[in-house]
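# Tertiary structure, described
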Amino acid sequence: MPEILIQYQAEILNAIGETFVMVGVSILAAILIGLPVGTILFLCRKDEMLENKLVFSALNLVVNIIRSFPFLLLVVFLIPFTRFLIGTAIGTAAATIPLSIIAIAHYSRLVEQSLVDVPKGVMEAAISMGASVQEVIFKFLYVEARSGLVLGLTTSIISFISYSTIMGVVGGGGIGDFAIRYGYQQFKTDLMMYMIIIMVIIVQLIQFIGTTVSRKIDKR
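Sequence order sets the numbering: in each chain, residues are counted from 1 along the sequence as written. Owing to the predicted nature of the model, reporting of local features is limited to residues with pLDDT of at least 70; listing and counting of side-chain atom pairs is limited to 80 or more, with chain, interface and lining totals taken over all residues. Only heavy atoms go into the side-chain values, all of them from the structure, while hydrogens and water stay out.

### Let's talk about the overall build of the chain
A helix here means a DSSP run of H or I that spans at least four residues, while a strand means a run of E at least two residues long, and both kinds are numbered starting from the N terminus. Broken down by element type, the chain carries 10 helices and 0 strands. The order of helices and strands in the chain, counted from the N terminus, is α-α-α-α-α-α-α-α-α-α. Taking the principal axes of its C-alpha atoms as reference, the chain extends roughly 65 × 40 × 25 Å. Counting across all 220 residues of the chain, residues that qualify as buried make up 42%. For the chain, the proportion of contacts with a sequence separation of at least 24, taken over those separated by at least 6, is 75%. Here the chain displays about 11900 Å² of accessible surface, and carbon together with sulfur accounts for 67% of that area. A simple rule labels every residue: compare its accessible area, found with a 1.4 Å probe on the protein chains alone, to the largest value its type can have, and call it buried under 20%, exposed over 50%, or partly exposed in between. Throughout, a residue-residue contact means that at least one pair of heavy atoms, one from each residue, lies within 4.5 Å. Surface exposure here means Shrake-Rupley accessible area, sampled with a 1.4 Å probe, where a residue is shielded only by the protein chains that are shown.

### So, the environment of Gly148
Take Gly148: it is sitting in helix 8 (residues 133–164). Sequence separation of Gly148 and Arg215 is 67 residues, and the distance between their C-alpha atoms is 9.7 Å.

### Re the pattern of salt bridges
Side-chain pairs of opposite charge can arise whenever the charged atoms involved come near each other. Salt bridges are defined by distance alone: a side-chain nitrogen of Lys or Arg within 4 Å of a carboxyl oxygen of Asp or Glu. Taken as a whole and judged by the stated rule, the model has 4 salt bridges. We note a salt bridge from Glu112 to Arg45, for which the minimum N-O separation is 2.8 Å. In this pair, Glu112 is assigned in helix 6 (residues 92–116) and Arg45 in the loop between helix 2 (9–43) and helix 3 (53–68), connecting sequence segments 67 residues apart. The exposure class assigned to Glu112 is buried, which follows from its relative accessible area of 1%. By relative accessible area, which is 27% here, Arg45 ends up partly exposed.

### Some points on the packing of helix 2 against helix 6
Throughout, an axis means a line fitted to C-alpha atoms (over the contacting stretch in the case of helices), and angles, computed between N-to-C directions, take values from 0 to 180 degrees. Helix 6 packs onto helix 2 with a crossing angle of 40° between their chain directions and a minimal axis gap of 6 Å. The chirality of how helix 2 crosses helix 6 is right-handed. For the contact of helix 2 with helix 6, the per-class residue count stands at 18 nonpolar, 8 polar and 3 charged. Crossings are classed by handedness, with left-handed meaning an anticlockwise turn of the near helix from the far one by less than a right angle and right-handed meaning a clockwise turn. For this classification, the nonpolar set comprises Ala, Val, Leu, Ile, Met, Phe, Trp, Tyr, Cys and Pro, the charged set comprises Asp, Glu, Lys and Arg, and every other residue, Gly included, is treated as polar.

### Quick look at unusual backbone geometry
A positive phi angle is found at Asp47, which is not glycine, with a value near 70°. With respect to the element layout, Asp47 can be found in the loop between helix 2 and helix 3. The class for Asp47 is exposed, based on a relative accessible area of 57%.

Structural data, given as structure tokens:
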């Protein structure tokens, strides 16, 4: 192991841990809130099971507004809300708030698109058999779209990792913040490059796992 990595070993491990916390909370938000939001967006579309123009338009507008914000501006814009919610706008915990919000908007759109790709015949068959809305969602839609949902989540996780590098602005820490403070600002280019390599390895590993799982559960 290079000497500089040994020298900063504790700080690097702490930075990796902070990144995992931020991304982990974002993943939970994406699954617990983004998945239902994306499902509602799909079901409330025109000619779908729960067609509702008002609900669809409202949710669609909110998702589009959040996704259109440059992430750094979103972080700054949400500082008062973050401070109100958890009592501080600085630190890893505070960083999870804007990350979770962008995660919900990002993944909900991917969920909607995955469900749109489900053949119409699946919905028609489910409804003709008298399936309830809950049964249509969990026994038909999610089953048919599971490969796309996993790939969408994989893409989202990689985006969350990228977004997490910006969280140094609010003292969120993480690998990106460490690379800038200890590598770039202190002119330790080799340390910065090692951090980039670590990020690349993490992203490649996540992509490999996501693609593998998606391929294995693809029933087509």
